[in-house]
Every structure is written in C-alpha cells, then in structure tokens.
Amino acid sequence: MPSEEERQKKITESMLQRIFNDCLKLVLESAPISESVKRFIKNVCHEPLEQTLYDGILNREEEGGKDTWEGIVEKGAALYYIHTKLNQKLERSDYNDSGIPDEFLLGCIAGEIRRRKKDFIIESESELKQAIYRKYLRTDYCLQEERLYWEMKDDGYDNFDDYVAFLCRKERNGLLEIHSFHHIWALLDMRRDNTFEKVRPTQDELYIFCFALALDDTVYEKLKILIVNEMKEEEGNRRKGIDGEERKTGYRKSFKGFTDSKRDKVLKGFLDNIETRLDCVMGELKGDEEAVLIPGRMLENVNRQLAELGFCPLTVKGKKGQKLAGR
C-alpha cells in the first residue's frame, strides 16, 4: 500500500493537473471571455495564471527523464502558442497569424526555461528563441479533451511535390515566401533546365535546397525517402511489366541513388545544426539587408567549410552563375 505521503502527493498532482486543464481551456477554447473576467485576470491573477500554464508545460517529463534540446524547443513552442492566444484573448497584443515573432514573449519564455531548467545548458538564447519560433510555425496545435495536442505540419505530407511546395512557404521555412522553384534557384544564382517537379533533384541538389531554406536533417531525410520510394515503385512496375500513366517526372541519368560517404556524413552534420548556422548568417546581415540574402549566404558558408575540410563543395562559380560542382 502507498504511504500517506505518497497518497497526498498523488492528490496534489491530480489537483494541479485539473487546475492546469481549466486554465488551458479558458485560454484555448473558442468562446470569448467577458470583460469582467478580462479585468480580473489582468489586475488580479495574470501572474498565477501564466505560471500555472508554464508549470504544466515545462514540468512535463520527457522520455528518459532528461531534457533534450528538441524537447525544450517543443515545450517552448507550445508555450508561445498558448501565451499568444492568452494575449489575444486579453487584447494585450495580437501576434497570432501575423507572421511576425513576438520578441518580448520569446525572451520571457527563454528566461523561464533558463530559470527552471538550471541543468540544461543554453549556449545561445538567440538560437533558442529562433528555434522555438520556427518550431511554432511548423506545428499544428489543438485542444481536445481539455488537453493540448500538437503535431508537425510536415506529417500530413506524403507526396514529394506537395511537400516541396509546403516547404517553400514562409510559414514553414520561417525565412521568406518562395514564389516558384526558379525563384529559389535565382536567389542562389543557379540555373536548372527543369523544376524538381519535372526532374527530381540529385543528392547534392537536395542538400542545396535544404541549406538554402534552413531546413534540418529531418526534412532532408523525409524528402530523400519520398524520392527513394518513388524510384522503387517505378522499378517494381517495370519488372512486373506494368504500364501505368505516363510519368511527368524524371531523374537525372547521372543519378544512381543516395550515397552515405564521409562527405555526406559531414553535410548531414551541418543540417543537424542548421539553427546555429542560420543564427550565424542572420548575425552577418547588416542594416536593411533582407532575408532574400540568407539562402545564398547559407550555401556559401557550406561550400567554404566543405573545402576547408578537404571535400568537394556543392557548387562552384561558372560563367553563368553557380553550378553543381559534382563529386
């Protein structure tokens, strides 16, 4: 039988969970709150309400019982969503769906994480805030059964063309709106005779696309899997003698599949630390320099570091701009 102390602890935890659920419902349900309740929250209990919400999210244990970077960023993004909805309901500010990050709120969240997670080392608060906002942009949240559920928007895509189009939207890549395939290739000072929709990218072109839009290794792996599955399906149909509808897409004759060389491992390591790389590039921008410069800077830095490590770069300068370096 549990001891009295353990029983009381469970009662307390259950009560705190119910209070958290009530606060979450107040903030996230669609029904507006009355003016009297707004005044009460603003003038009497806004701090206890916020702290209850922060407790409920940040105190949730991760698998293995140890905080990870991804777990902290995920919790920070959930808090950003909840607190943005609270500010909207209280008419304090409205950054919801504005496309502009609430820097003050991001600073508050980073500060709370630093205060509560003393064993978790934050090397760059700027990088943490940026990662939280980007995670928020690419996550769907909803309230069900008085609980907050979230899932990556990427999970809803299993078609290469649709997924690439989604990744080109500012709300997903967090940098800028890409109006067409040729738009992103022009920002990189590159030329391509066909879009990815017509001719699938080679492995290096896939790296270039991900670095240009600061997309991480999970995106690269998903795009790679979608291409591999397409190629396997096509090969299977050929072996069975199945004549399906004429394909609109093709593959480079020189592309025989994905490799896993030492160079690939280095590039995947770069993708795994994409937030740090993006933070460095954004720190290089001066004055009125715009986000359209970021894709080119990201690619330049990757090329330079590959060369320094003795590997072939992704692109080299040609007579008509950048071109694939090959291997």
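Predicted, not measured: the structure shown is a model, and the values here were computed from it.

**Some details on the overall build of the chain**
- Helix and strand content of the chain: 13 helices and four strands.
- Contacts in the chain between residues at least 24 apart in sequence constitute 65% of all its contacts with a sequence separation of at least 6.
- In the structure as shown, the chain presents an accessible area of about 18,900 Å², 50% of it carried by carbon and sulfur atoms.

**A short note on the side chain of E50**
- Mapped onto the elements of the fold, E50 is located in helix α2 (residues 35-58).
- Classification of E50 as buried rests on a relative accessible area of 15%.
- Apart from the residues lying within four places of it in its own chain, the contact partners of E50 are H83, L86 and R92.

**Focus on the pairing of strand β3 (residues 315-318)**
- Alignment of β3 against strand β4 (residues 321-324), held across four bridges, turns out to be antiparallel. Residue pairing across strands places K317 opposite Q322, the latter belonging to β4.

**Observations concerning a nonpolar patch on the surface**
- There is a patch of nonpolar side chains on the surface, built from M15, L16 and I19 and spanning about 270 Å² of accessible area.
- By secondary structure assignment, the location of M15 is in helix α1 (residues 4-28).
- Look at M15 and you get partly exposed, because its relative accessible area is 42%.

**Some words on empty space enclosed by the protein**
- Inspection of the entire model under this criterion finds one cavity of 30 Å³ or more.
- Within this model, the largest cavity holds a volume of roughly 30 Å³.
- Residue lining of the largest cavity: E50, L53, Y54, L79, I82, H83 and L86, and that is the complete set.
- Sorting elements by how many residues they give to the lining of the largest cavity places helix α3 (residues 69-89) first, with four residues.
- Along the lines of polarity and charge, the residues of the lining of the largest cavity split into five nonpolar, one polar and one charged.

**Observations concerning the state of the cysteines**
- Taken as a whole and assessed by the stated rule, the structure comprises zero disulfides.
- The closest cysteine sulfur to the non-disulfide-bonded C45 is located on C23, 8.1 Å from its own sulfur.

**Details of the packing of aromatic side chains**
- Per the counting criterion, the structure on display carries 14 aromatic pairs.
- Note on Y157 and F166: the rings are 4.6 Å apart at their centroids and 15° apart in plane angle, and the pair reads as stacked.
- Taking the centre distance of 4.6 Å and the plane angle of 50° together, the rings of F181 and F196 count as tilted. Placement of F181 in helix α8 (residues 181-187) and of F196 in the loop between α8 and α9 (203-212) is noted, with a sequence separation of 15 residues between them. Residue F181 shares its accessibility class with F196, and that shared class is buried.
- Across the ring face of Y163, the terminal group of K222 is positioned such that the distance to the ring centre comes to 4.8 Å.
- Over the ring of F270 we find R277; its NZ or CZ atom is 4.2 Å from the centre of that ring.

**Let's talk about the nonpolar core**
- Core analysis: the largest hydrophobic core is formed by 46 residues, its most contacted members being W185, F209, F211, L223, L267 and L314.
- Counting residues in hydrophobic clusters, the runner-up holds 37 residues, among them V27, I33, L105 and L106.

**Quick look at the packing of α3 against helix α4 (residues 103-116)**
- Two numbers describe how α3 lies on α4: the axes approach to 10 Å, and their chain directions differ by 135°. By the criterion of interaxial angle, the relationship of α3 to α4 is oblique. Of the two possible hands of crossing, α3 and α4 adopt the one that is right-handed. Contact residues: I72, G76, L79, Y80, H83, T84 and N87 in α3; L105, L106, I109 and I113 in α4.
- Taken together, the residues that form the contact of α3 with α4 break down as seven nonpolar, four polar and no charged.

**Some remarks on the confidence of the model for the chain**
- Summary statistics for the chain give a mean pLDDT of 86 and a share of 87% for residues scoring 70 or more.
- For the chain, per-element mean pLDDT is lowest for α1, which scores 75, and highest for α9, which scores 96.

Calculation rules
Residues numbered from 1 in each chain as written. Predicted model: local features only at pLDDT ≥ 70, side-chain atom pairs only at ≥ 80, totals over all residues. Heavy atoms only, no water. Helix = DSSP H or I, 4+ residues; strand = E, 2+ residues; numbered from the N terminus. Contact = heavy atoms within 4.5 Å. Areas by Shrake-Rupley, 256 points an atom, 1.4 Å probe, with all protein chains shown as cover. Buried < 20%, exposed > 50% of the residue type's maximum accessible area, 1.4 Å probe, protein only. Pairing = 2+ DSSP bridges. Patch = residues over 30% accessible without salt bridge, like charges linked within 9 Å, V, L, I, M, F, W, Y side chains within 5 Å. Salt bridge = Lys/Arg side-chain N within 4 Å of Asp/Glu carboxyl O. 1 Å grid on protein atoms, 1.4 Å probe; cavity = no way out; pocket = protein on both sides within 12 Å on 5 of 7 lines; lining within 4 Å. Points joined across faces, edges and corners; volume = space filled by probe spheres on them. Nonpolar A, V, L, I, M, F, W, Y, C, P; charged D, E, K, R; others polar. Disulfide = S-S within 2.5 Å. Phe/Tyr/Trp six-rings, centres within 6.5 Å; stacked < 30°, edge-to-face > 60°. Lys NZ or Arg CZ within 6 Å of the ring centre and 35° of its normal. Core = buried A, V, L, I, M, F, W, Y, C linked by side-chain atoms within 4.5 Å. Axes fitted to C-alpha atoms, helices over the stretch in contact; angles between N-to-C directions. Parallel < 35°, antiparallel > 145°, perpendicular 65-115°, else oblique. Left-handed = near helix turned anticlockwise from the far one by under 90°. pLDDT = per-residue confidence, 0-100.

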